[in-house]
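Reading the structure
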Amino acid sequence: MKTHRNIPVFIPQEGCPNACVFCSQKKITGIDRRAELNTLKDTVEKALENRWQESEIAFFGGSFTAIDKARMISLLDTAYEYVCAGKINGIRISTRPDYIDETVLEILKSRGVTAIELGIQSVSDKVLTASGRGHTSKHSENACKLIKKYGFRLGGQMMVGLPLSTAEDELATAQAICDWGADETRIYPTVVFEDTALYNMTLQGEYEPLSLDDAVSRCADCMDVFLTRGVKVLRVGLHASEQLVSAPYGATHPAMGELVESELYRRRIDSLIQGSRGKKLLVYVPFSACSKAAGQHRKNTEYFKNTYGFSQVSVYGTDMPEHTVRIHIED
Ligand code: SF4
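**A few points about the overall build of the protein chain**
From N to C terminus, the protein chain includes 12 helices and 12 strands. A compact globule built from 331 residues would reach a C-alpha radius of gyration of about 20 Å, and the protein chain, at 22 Å, matches this within 12%. With respect to the principal axes defined by its C-alpha atoms, the protein chain has extents near 70 × 55 × 35 Å. Across the 331 residues in the protein chain, those meeting the buried criterion constitute 50%. Restricting the contact set of the protein chain to residue pairs at least 6 apart, pairs at least 24 apart contribute 78%. As displayed, the protein chain has an accessible area near 15,600 Å², and 49% of this comes from carbon and sulfur atoms.

Following this line, the structure appears as structure tokens:
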């Protein structure tokens with residue numbers, strides 16, 4: 001059976017002029033363009049052989065529209081051949097807000113790009129400056145509006161726990177991403193990798209990394225905003241990798257998304273419970289969400305027992321929409 005998946009293609013930044021304090025990308029120079037195109041074709045061919053019915057080729061790795069224009073166009077032209085041949089449905093890119101303008105969008109539109117993800121990170125200029133992002137919130141707003149005007153699918157990526165960022169700044173960022181027309185989002189709690197400016201700031205006491213509990217709670221607050229406003233959450237947290245789990249500080253847990261969704265289920269169940277000491281709590285959630293509702297190592301079920309004195313907490317999967325909850329309390 002064929003499945004719908006994106007084909008991720010990592011595009012390293014060649015000589016990126018920016019200096020984001022959290023950036024752990026190696027500054028690569030002298031990329032072999034021909035080899036890069038061959039790798040792109042190999043990656044796509046392999047995915048097609050594996051009978052993925054691809055929806056999009058996804059160029060990830062930071063700032064696709066900030067790379068050399070000739071390189072960007074040759075990558076797009078190569079990917080577009082698969083779109084024209086009907087083998088994939090579109091192309092997705094991720095980039096910075098200050099590298100979006102009408103000329104760039106014309107190029108993307110004419111070569112089959114369907115979705116653009118923007119690294120908005122924060123709408124607080126104070127946070128953007130402290131993070132060395134090199135763009136302002138106004139760049140993000142303008143870029144979002146232009147992307148929507150051109151009819152692309154818009155993804156807004158945001159970060160939680162950046163330098164000087166408060167929980168209120170992050171809620172404002174989530175709301176702004178919705179206001180600016182995003183169809184989807186990714187939430188990344190900040191991770192402090194070695195060899196980054198943020199690592200030095202942490203060692204010097206200029207930055208306090210997020211604790212795991214704070215990262216989960218603040219990501220859950222933002223995810224709640226997106227779910228309430230109908231914006232699809234594509235991902236919470238970086239992909240699990242050796243580099244992630246060996247990072248010295250910040251949100252290094254390899255399953256942040258699962259933890260955040262568990263926290264949201266806990267909050268939703270909590271809001272439904274009234275006077276229940278000594279009784280049994282039966283929780284009904286979508287089939288796919290049983291472990292999230294119960295929590296890692298049954299953290300949520302223990303919470304309900306300890307907080308409300310339930311003698312038993314059971315979670316059942318049913319045919320319900322995502323992120324919905326029903327409860328029943330019995331003697
Ligand atoms: S995260 Fe910032 S510094 Fe790193 S490659 Fe992207 S734009 Fe450049």
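And the narrative resumes.
**Section: the domain arrangement of the protein chain**
By convention, interface size is frequently given as the accessible area that disappears when the constituent parts associate. In terms of domains, the protein chain is made up of domain 1 (6-254) and domain 2 (271-330). Relative to domain 2, the C-alpha centre of domain 1 lies at a distance of 35 Å.

**What to know about unusual backbone geometry**
For leucine 164, which is not a glycine, the phi torsion comes out positive at approximately 70°. Among the structural elements, leucine 164 can be located in the loop between β5 (153-160) and α6 (167-179). Overall, leucine 164 belongs to the exposed group, its relative accessible area being 54%. Phi is positive for histidine 323, which is not a glycine, with a value near 65°.

**Details of the sheet that holds strand β4 (residues 113-121)**
The strand order across the open sheet built from seven strands is β1-β2-β3-β4-β5-β6-β8, with neighbouring strands paired in parallel fashion. Unpaired on one side and paired on the other, β1 (6-10) and β8 (232-236) mark the two borders of the sheet. With strand direction ignored, the average angle separating the axes of adjacent strands in the sheet is 20°. Two elements, strand β6 (residues 184-189) and β8, share four bridges in a ladder whose sense is parallel. Residue pairing in the sheet places isoleucine 187 in a bridge with valine 236 of β8.

**Focus: the sheet that holds strand β11 (residues 312-318)**
If you walk across this open sheet you meet the three strands as β11-β10-β12, and the pairing is mixed. Taken across any chain shown, the strands that pair with only one partner, and hence form the sheet edges, are β11 and β12 (326-330). Between one strand axis and the next, the sheet turns by 20° as a mean value, whatever way the strands run. Here five bridges tie strand β10 (residues 280-286) to β12, and the two strands are oriented antiparallel to one another. Paired with valine 283 across the two strands is isoleucine 327, which belongs to β12. Running over the sheet, helix α12 (residues 299-308) touches β10 and β11 and is turned about 140° from β11.

**Some points on the side chain of threonine 173**
Of note, threonine 173 is situated in helix α6. Those residues within four positions of threonine 173 in sequence are excluded, and the remaining contacts are Gln121, Ser122, Val123 and Met158.

**Here we look at the state of the cysteines**
All chains considered together, the criterion is met by zero disulfides. Between cysteine 144, a cysteine without a disulfide, and cysteine 178, which holds the nearest cysteine sulfur, the sulfur-to-sulfur distance is 11 Å. Relative accessible area serves as the criterion here: at 1%, cysteine 144 is assigned to the buried category.

**With respect to the packing of aromatic side chains**
Scanning all chains against the criterion turns up six aromatic pairs. Between tyrosine 303 and phenylalanine 304, the aromatic rings sit 5.1 Å apart at their centres with planes inclined by 80°, giving edge-to-face as the arrangement. Geometrically, the ring pair formed by phenylalanine 304 and tyrosine 308 is stacked, given 6.4 Å between the ring centres and 20° between the ring planes. Placement of the pair is phenylalanine 304 and tyrosine 308 together in helix α12, with a separation of four residues, close to one helical turn. Classification of phenylalanine 304 as buried rests on a relative accessible area of 1%. An aromatic cluster is defined as three or more aromatic residues linked by ring pairs; in this entry it consists of Tyr303, Phe304, Tyr308 and Phe310. The cationic tip of lysine 109 hangs over the ring face of phenylalanine 152; the distance from NZ or CZ to the ring centre is 4.5 Å. Note that arginine 266 overlies the ring of tyrosine 303, its terminal NZ or CZ placed 4.5 Å from the centroid.

**Let's talk about the pattern of salt bridges**
Two side chains carrying opposite charge are able to pair once their charged atoms lie near each other. Scanning the entire structure with this criterion turns up 24 salt bridges. In this structure, the salt-bridge partner of arginine 218 is glutamate 170, at a minimum N-O distance of 2.7 Å. Linking arginine 218 in helix α8 (residues 212-228) with glutamate 170 in helix α6, this pair joins segments that are 48 residues apart in sequence. In this pair, the class of arginine 218 matches that of glutamate 170, namely buried. We note a salt bridge from arginine 268 to aspartate 224, for which the minimum N-O separation is 2.7 Å. You can see arginine 268 sitting in helix α10 (residues 256-272) and its partner aspartate 224 sitting in helix α8, a full 44 residues away along the chain.

What counts and how
Residues numbered from 1 in each chain as written. Predicted model: local features only at pLDDT ≥ 70, side-chain atom pairs only at ≥ 80, totals over all residues. Heavy atoms only, no water. Helix = DSSP H or I, 4+ residues; strand = E, 2+ residues; numbered from the N terminus. Rg over C-alpha atoms; globule rule 2.2 N^0.38 Å. Buried < 20%, exposed > 50% of the residue type's maximum accessible area, 1.4 Å probe, protein only. Contact = heavy atoms within 4.5 Å. Areas by Shrake-Rupley, 256 points an atom, 1.4 Å probe, with all protein chains shown as cover. Domains from an automatic or database assignment. Pairing = 2+ DSSP bridges. Axes fitted to C-alpha atoms, helices over the stretch in contact; angles between N-to-C directions. Disulfide = S-S within 2.5 Å. Phe/Tyr/Trp six-rings, centres within 6.5 Å; stacked < 30°, edge-to-face > 60°. Lys NZ or Arg CZ within 6 Å of the ring centre and 35° of its normal. Salt bridge = Lys/Arg side-chain N within 4 Å of Asp/Glu carboxyl O.

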